[in-house]
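Fold and geometry: a report
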Amino acid sequence: MTSTGTHHERPVLGEKPDTGGPNRRPLARRARDWLTAFTFTVPALALFGLLVFAPILYALYVSFFNWGGFGAPSDFAGADNYIRLLDDPVFLGDLWRGLLLILLSVGIQLPFALAMAVLLNQKLRGRAFYRMLFFAPYVLSEVITGVLFSMIFAPDEGLADRTLGTIGLDGLGGLWFADQDNVLATVFLVMMWKYFGFHMTLYLAGLQGVPAELHEAARIDGAGPWQRFRHITLPLLGPTIRISVFLSVIGAIQLFDLVWVMTQGGPDHHSETMAVTLFQFGFKRYQIGYASAISIAMFLISLVFALAYQRFVLRRDTEGALTSMRGNR
Amino acid sequence: MPAFVRAAVPASVTGAVSTSLSRRRFLGAASAAGLATAGLSACSDSGSATTDSEGRTVVEWWNIQTTEPSRSVWPERAKAFEAKNPDVRIKLVTLENDAYKSKMTALTSSGKLPDIYHTWGGGVLEQQIDAGLVEDITSSVSTLTGTLVPVSVEPYQFDDKTYAVPFDIGAVGFWYNKALFADAGIDTPPTTWADYLDVVRRLKRAGITPVALAGKEKWPGMYYWAYLALRIAGVDGMQKAADAKDFTGDDFVKAGRHLEELVELEPFQKGYLGAGYSTPNGEAAVMGNGKAAMELMGQWAPVVQADAGKGIGDDLGFFPFPTVAGGDGALTDVLGGGGGYAVRKGAPLAAVDFLKFLVTAESDRVLVSKAAMMPVVKDATSALADPNLKDVSATLGKATGFQLYPDQAYPPAVGQEVNDSVAGLIAGAKSPEQVARSITQVAKSQ
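Remember, it's a predicted structure, so these values are computed and weren't measured experimentally.

The rules we used
Residues numbered from 1 in each chain as written. Chains lettered and ligands numbered in written order. Predicted model: local features only at pLDDT ≥ 70, side-chain atom pairs only at ≥ 80, totals over all residues. Heavy atoms only, no water. Helix = DSSP H or I, 4+ residues; strand = E, 2+ residues; numbered from the N terminus. Buried < 20%, exposed > 50% of the residue type's maximum accessible area, 1.4 Å probe, protein only. Contact = heavy atoms within 4.5 Å. Areas by Shrake-Rupley, 256 points an atom, 1.4 Å probe, with all protein chains shown as cover. Domains from an automatic or database assignment. Buried area = accessible area lost by both parts, 1.4 Å probe. Salt bridge = Lys/Arg side-chain N within 4 Å of Asp/Glu carboxyl O. Polar contact = N/O pair within 3.5 Å; in protein donor to acceptor, adjacent residues only side chain to side chain. Core = buried A, V, L, I, M, F, W, Y, C linked by side-chain atoms within 4.5 Å.

When helices and strands are counted, chain A shows 13 helices and two strands. Evaluated residue by residue, chain A yields a buried proportion of 37% over its 329 residues. Look at the contacts in chain A between residues 6 or more apart in sequence, and 65% of them connect residues 24 or more apart. Per element, the accessible surface of chain A, about 19600 Å² overall, is 67% carbon and sulfur.

Right, dumping it as structure tokens:
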């Protein structure tokens, strides 16, 4: 709302002028406000409850049973499934590998995407082509990407080893996916190839909001390229970066398709993620109770991260964007 | 637990098979579930037959024949039956393997299965039987029993009762490249494990990759452990371990040790831990392109080799898994599995009639010659043309014992643990004792 007049033109909602103190409107009126808000949100709430909340609650319920998927769950197991989680080397390994993937994504993939975005924001011949080229992998389906890289990193005939061979390097001798120590790094390489273009595009969009005047002014003041990047671009790109970190972390926590197609979590679980373990127990072993416990753990990890991130990191970005009833005062 | 019946002895011996704990617990669970969900499952009332607009009885036939040649033979079989039975209509529902499995998981928990559905027998079928979802067809198919290859029915028999009709049966064994064997100066395939290891060493010395393996997919590696266990413990020993849910016995640890001996020779192709089975560069492609001398695989191996690779034609041969010195198992005991059709409880009678029609000698000959199935009817064996498949069929015909693949014989969680822990052993991450222990642990928890 723009206020160009000299007088205070803001419409007054109550009978009395707004004193800025605590809400003084009559109770009946407040109740009516709530009722209106409630009526309008019922359809959305019902859908959300049915499609999102109910399945989560059901998974929570099932996670307290030993259940193979036949009939209704009846073999109550208490917290057994959760105790078993904490003792399961595969699940604990999943947590560790998940953390590694998050660190690699945030520490390598995002800075790389940012560098590419800044580069492709310059006046450069064919930059539209490059932008499209780097974004293309993101459009490709995960399964196709997985199959593609299974071939690229295959032993002997794989493109990766052959290419490295022609420039005189030995490559990994086909052990990209087939070695316990290499497999996670290889999976990350593919992740990076697939997703950096998406983050690059986010940053590019963010860069369009950085006013050129600021750069001009800074240049006149004698600031070098690095100083301008560090003190103008980076701070103004803050909200975009914070969102991109958020998406990247949640994506790493839920990683499934790529891993399933390329390695099925192997060799010997060294590239397994939580979602892969969940799938193994749910749809291969039919231990649906335990699989539900994994899904609840995964949900809680995502939820805690999301809430904490909202509360501590995203708050200043979303402030004002989110409206609340109190904001109407 | 599945009935491991000696093929030579009729199914009557299986009276000894005890009802396992899990089974009783499961029945209890199932009945309690029945009470709890009485309201929900009221619609799953069985015994209902659907009729179409022309008043014909409709029989739903769920199958997984999504690829040729069987894809077009299946509807043709349905038509042939309908021509003889004008008051019945067979409705085919064809689903892809994995889609079928997940759909069936949902259906079994709702308690409503299709009239006729594909089954691999073993643990999953047994769970469905225990939940009261499968029709006991013992008496209806008793006339068939004498005409079928005995081992073909075994995956579907529990406590002397038959729950499905087979349409395919196969065996796992070594497929080898005769030309590469000759290059290494080996004239006859090995018959003992010691000889086998020697063959592997000689192939390596000749610069040939001895064995192709799909390490990524786990189940091909499991065959080695399962066959070694079968050769050492024998069919009865396997049965006892399954009944007692205890695989920590010496025999099973020894199976792991022998597999370790093989792994220590580094016999597998480069990058085998990341290799798939039927993918480009996978196990079948390596064999099919003549880049490895052997693979341990089921009767489908030649087709997949030719599909994923070029195929090695007449160079391909088959020999049974070698015996282990001091073991109770015979060279003629077979690890294998097949496909069959079970009938839901309360399905129309026409469903069983159709299955009986499907495995008449005349019809099975069509399945063998046109749909590339292995014969389940003795009289249809002559319809086999491929010399390698004839070998497999002969192996099955003279089988002295039969063991269903562990990942199908046991409940899914146990089967997957066998696959997973044996994969760990092949990757060098698990000891034979750990493999035996972790399988036992999962089995006991079932």
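Time to look at the domain arrangement of chain B. All names here are of chain B. Under the domain assignment, chain B is made up of domain 1 (46–171 + 337–404) and domain 2 (173–334 + 409–445). Distance between the C-alpha centres of domain 1 and domain 2: 29 Å. In this assembly, 22 residues from domain 1 lie in contact with 19 residues from domain 2. Summing the contributions of domain 1 and of domain 2, the shared interface buries around 1600 Å²; its carbon and sulfur component is 60%. On the domain 1 side of the interface with domain 2, the three residues burying the most area are Ala171, Asn388 and Gln403, jointly 34% of the side's total. For the pair domain 1 and domain 2, the interface holds zero salt bridges. The tally of links between domain 1 and domain 2 comes to seven residue pairs in polar contact (both at pLDDT 80 or more). Elements supplying a minimum of two residues to the side of domain 1 that touches domain 2: helix 4 (122–130), strand 7 (164–171), helix 14 (387–397) and strand 12 (401–404).

A few words now on the interface of chain B and chain A. Counting residues at the interface gives 32 residues for chain B, matched by 29 residues for chain A. For the pairing of chain B and chain A, the buried interface totals around 2600 Å² over both sides, and the portion due to carbon and sulfur atoms is 55%. On the chain B side of the contact with chain A, Lys216, Lys270 and Asn281 of chain B bury the most area, a combined 22% of that side's loss. With its nearest N and O atoms 2.8 Å apart, the salt bridge here joins Glu417 of chain B to Arg285 of chain A. Taken together, chain B and chain A are joined by six residue pairs in polar contact (both at pLDDT 80 or more). Elements with a minimum of two residues in the side of chain B that touches chain A: helix 1 (21–36), helix 3 (97–110), helix 4 and helix 16 (412–426) of chain B. At six residues, the largest contribution of residues to the side of chain B that touches chain A is made by helix 16 of chain B.

Here we come to the environment of Val151 of chain B. Residues and elements named next belong to chain B. Along the polypeptide, Val151 turns up in helix 5 (residues 150–153). Here Val151 falls in the buried class, since its relative accessible area comes to 1%. Taking the C-alpha atoms as reference points, Val151 and Gly397, separated by 246 residues in sequence, lie 8.0 Å from one another.

A word on the nonpolar core. Note on soluble globular proteins: their nonpolar side chains tend to be buried together. Formed by 125 residues in total, the largest nonpolar core has its most connected members in Tyr196, Tyr224, Leu259 and Met294 of chain B. The dominant element in this core, judged by the number of residues it contributes, is helix 8 (residues 219–244) of chain B, at 15 residues. Split by domain, this core shows at least three residues from each of two domains, domain 1 (46–171 + 337–404) and domain 2 (173–334 + 409–445) of chain B. Setting aside chain neighbours within four positions, we find Leu259 of chain B in contact with Tyr224, Trp225, Leu228, Val422, Leu425 and Ile426 of chain B. Judged by nonpolar contacts, the second largest core, of 58 residues, contains Ile102, Met116, Met192 and Ile253 of chain A.

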